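# Examining the three-dimensional arrangement
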Amino acid sequence: MAEKLKERGDVEAALAMVLESAEVLSPPESAASLALLRQKRHDELADTLIQIYGRDKPEKLVIRAALELYEYGMADDAGAMLRAAAD
């Protein structure tokens, strides 16, 4: 949904959708969503999801999501999420 909003030029609504999604996504869901956003080259939305998830979720969930990202071969994103949690 966020992808479609961004493609229509409504970046603010797309970012709001990512914010809402980050609140309810499980670690595997967040990693899969991030992988999809990267695959479709929606890097701004992916970076936003990383920051929000890393900053707002409990440490255990962030670690689990980072491990999922690592297993997807997304070590840079896993590290970015962990750094967001540490800040």
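Our structure's up above, just so we're on the same page.
First things first, this report covers the structure right here in the doc. (Residues numbered from 1 in each chain as written. Predicted model: local features only at pLDDT ≥ 70, side-chain atom pairs only at ≥ 80, totals over all residues. Heavy atoms only, no water.)

### Notes on the overall build of the protein chain
When helices and strands are tallied, the protein chain shows six helices and zero strands. Its helices and strands taken in sequence order, the protein chain reads α-α-α-α-α-α from the N to the C terminus. A separation threshold of at least 6 residues defines the contact pool for the protein chain, and within that pool the share at least 24 residues apart is 60%. Approximately 5,300 Å² of the protein chain is accessible, and the part contributed by carbon and sulfur atoms is 51%. (Helix = DSSP H or I, 4+ residues; strand = E, 2+ residues; numbered from the N terminus. Contact = heavy atoms within 4.5 Å. Areas by Shrake-Rupley, 256 points an atom, 1.4 Å probe, with all protein chains shown as cover.)

### Section: the packing of helix α3 (residues 27–39) against helix α4 (residues 43–56)
Axis separation between α3 and α4 bottoms out at 8 Å; the angle between their running directions is 160 degrees. Considering their axes alone, α3 and α4 lie roughly antiparallel with respect to each other. As α3 packs across α4, the resulting crossing turns out to be left-handed. Between α3 and α4, the contacting residues are Pro 27, Ser 30, Ser 33, Leu 34, Leu 37 and Arg 38 on the first element and Asp 43, Leu 45, Ala 46, Asp 47, Leu 49, Ile 50 and Tyr 53 on the second. Among the residues making up the contact of α3 with α4, the classes are represented as eight nonpolar, two polar and three charged. (Axes fitted to C-alpha atoms, helices over the stretch in contact; angles between N-to-C directions. Parallel < 35°, antiparallel > 145°, perpendicular 65-115°, else oblique. Left-handed = near helix turned anticlockwise from the far one by under 90°. Nonpolar A, V, L, I, M, F, W, Y, C, P; charged D, E, K, R; others polar.)

### Some words on unusual backbone geometry
Positive phi values are uncommon outside glycine, yet Arg 41 reaches one of about 65 degrees. Residue position: Arg 41 is located in the loop between α3 and α4. Classification of Arg 41 by relative accessible area gives exposed; the value is 69%. (Buried < 20%, exposed > 50% of the residue type's maximum accessible area, 1.4 Å probe, protein only.)

Functional significance is not addressed by these values, which are geometric in nature.
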